[in-house]
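Survey of secondary and tertiary structure
As a plain string of letters, each chain reads:
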Amino acid sequence: MQFARKDILDMETLSVEEINLILDTAESMKEISQRPIKKVPTLRGKTVILFFYEPSTRTRMSFDIAAKRLSADSLSISASTSSLVKGETLLDTARNLEAMHPDIVILRHSRAGAPHFLAKHLKSSVINAGDGIHAHPTQALLDMMTVRQKRGTLEGLKIAIVGDISHSRVARSNCVGFTKMGSQVVVSGPPTMMPAGIEDLGVSVAPDIDTAIEGADIIMMLRIQKERQKGFLMATEREYCRFFGLTVERIRKAKPDVLVMHPGPMNRGVEIAPEVADGPYSIILDQVTNGVAVRMALLFLVAGGARHADVD
Ligand code: CP
């Protein structure tokens, strides 16, 4: 299958075939990171700009590592060190970057739709590394890769997503992605953190965490996004933990082989107990490892790679 897409902006626009191609390509990329010399010449001569207007550890580092493992030249610009602080607009900044002929621009921005806006105006490929509360497609893809590796399929699985659903772009992209791939998605969180109309994404809402995780194959815990919340949405972290935190006692009520995920960063002792985060159910660091492989696959595919067989 040819991958004809210039940009990766959200999960809505990716077809099932494209998602499968991305996950298959990521599987073939994974092996490169296990070699003694973790580098192939696939994207030699290509330039990748990492443009992060919001903080990031995993996404930014894994895109940078992915670009370097494929021999692309990658460089990074953040809001605080760019001319944004002098009043330059996003579009002017992007046009100036494009004048230097990058091939791929990776954008994280606090405004929903910012990567879509750039993609309309730039000839370079644009990959959304998280835009406001809207979408985080590369996180959803690495989450799907991780579940597919562990369970062999995404079809028919029950995925429980628990936490601050309203402010989570990870939740939104995973609801769309997993549902598209045939999983059954259940979301749960405090009513103050549950967006109206979330069922329109094809998911169901559970009244409490215990109902959500009952019979679940996967539990995905989310951080409370204090930086995006306006107003008073919960009493105390202690109370939040009591009602929505994933503890060892609670997890015993789930399936015996349930797997626990978290996109990070985690608030240990709030949405997830440390013994769960570090325990035998956790596949949180597998998610991080797969983040590099998925981002290598995306860079390769938007740069013109045709089939996963072409990587070597
Ligand atoms: N999951 C995620 O997006 O993490 P970072 O904010 O550290 O990139």
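Summary of the structure given here.

Ile-106, Ile-127, Leu-141, Met-144, Ile-161, Val-187 and Leu-299 are the most contacted members of the largest nonpolar core, which totals 63 residues. The biggest single contributor to this core is helix α11 (residues 284–302), with 10 residues. Setting aside anything within four residues of it in sequence, one finds Leu-141 in contact with Met-11, Leu-14, Ile-19, Ile-22, Leu-23, Val-294 and Leu-298. Counting 25 residues, the second largest nonpolar core, distinct from the first, contains Ile-213, Ala-216, Met-221 and Leu-246.

Further remarks concern the environment of Lys-180. Mapped onto the secondary structure, Lys-180 falls in helix α6 (residues 169–180). On a C-alpha basis, the gap between Lys-180 and Leu-154 in space is 9.6 Å, while along the polypeptide they are 26 residues apart. Those residues in contact with Lys-180, other than ones at most four positions away along the chain, are Met-11, Glu-12, Thr-13, Leu-14, Val-16 and Ile-19. Of note is the side chain of Lys-180, whose polar atom sits 2.6 Å from the backbone oxygen of Leu-14.

Okay, the sheet that holds strand β6 (residues 184–188) next. Strands sit in the order β7-β6-β5-β8-β9 across an open sheet of 5 strands; the sheet is parallel. In this open sheet, the two strands that pair with only one neighbour each are β7 (204–205) and β9 (259–261). Bridge analysis of strand β5 (residues 158–162) against β6 gives 5 bridges, and the strand direction is parallel. Across the sheet, the residue bridging to Lys-158 is Gln-184, located in β6.

Around the ligand, the structure places Ser-56, Thr-57, Arg-58, Thr-59, Arg-108, His-136, Gln-139, Pro-263 and Gly-264. Arg-108 has a polar side-chain atom sitting 2.9 Å from an oxygen atom of the ligand. For the ligand, a nitrogen atom lies 3.3 Å from a polar atom in the backbone of Gly-264. Broken down by class, the residue content of the shell around the ligand amounts to 1 nonpolar, 6 polar and 2 charged.

An α-helical turn contains 3.6 residues, so a residue and the one three or four places further along point in the same direction. Those residues of helix α4 (residues 114–121) not exposed but buried are Ala-114, Pro-115, Leu-118 and Ala-119. The arc enclosing the buried residues of α4, seen along the axis, measures out at 135°, which places them on a common side. Buried residues in α4 make contact with α3 (90–98), β3 (104–109) and β4 (125–131).

As enumerated under the stated definition, the model contains 12 salt bridges in all. Across the salt bridge formed by Arg-169 and Glu-54, the nearest N and O atoms sit 3.0 Å from each other. One end of the pair, Arg-169, is in helix α6; the other, Glu-54, is in the loop between β1 (47–52) and α2 (58–69), with 115 residues separating them in the sequence. With respect to class, Arg-169 is no different from Glu-54; both count as buried. Salt bridges sharing partners connect three or more residues here, namely Asp-210, Arg-250 and Lys-253.

Cut-offs used in this document
- Residues numbered from 1 in each chain as written.
- Predicted model: local features only at pLDDT ≥ 70, side-chain atom pairs only at ≥ 80, totals over all residues.
- Heavy atoms only, no water.
- Core = buried A, V, L, I, M, F, W, Y, C linked by side-chain atoms within 4.5 Å.
- Buried < 20%, exposed > 50% of the residue type's maximum accessible area, 1.4 Å probe, protein only.
- Helix = DSSP H or I, 4+ residues; strand = E, 2+ residues; numbered from the N terminus.
- Contact = heavy atoms within 4.5 Å.
- Polar contact = N/O pair within 3.5 Å; in protein donor to acceptor, adjacent residues only side chain to side chain.
- Pairing = 2+ DSSP bridges.
- Near = heavy atom within 4 Å.
- Nonpolar A, V, L, I, M, F, W, Y, C, P; charged D, E, K, R; others polar.
- Arc of directions from axis to C-beta.
- Salt bridge = Lys/Arg side-chain N within 4 Å of Asp/Glu carboxyl O.

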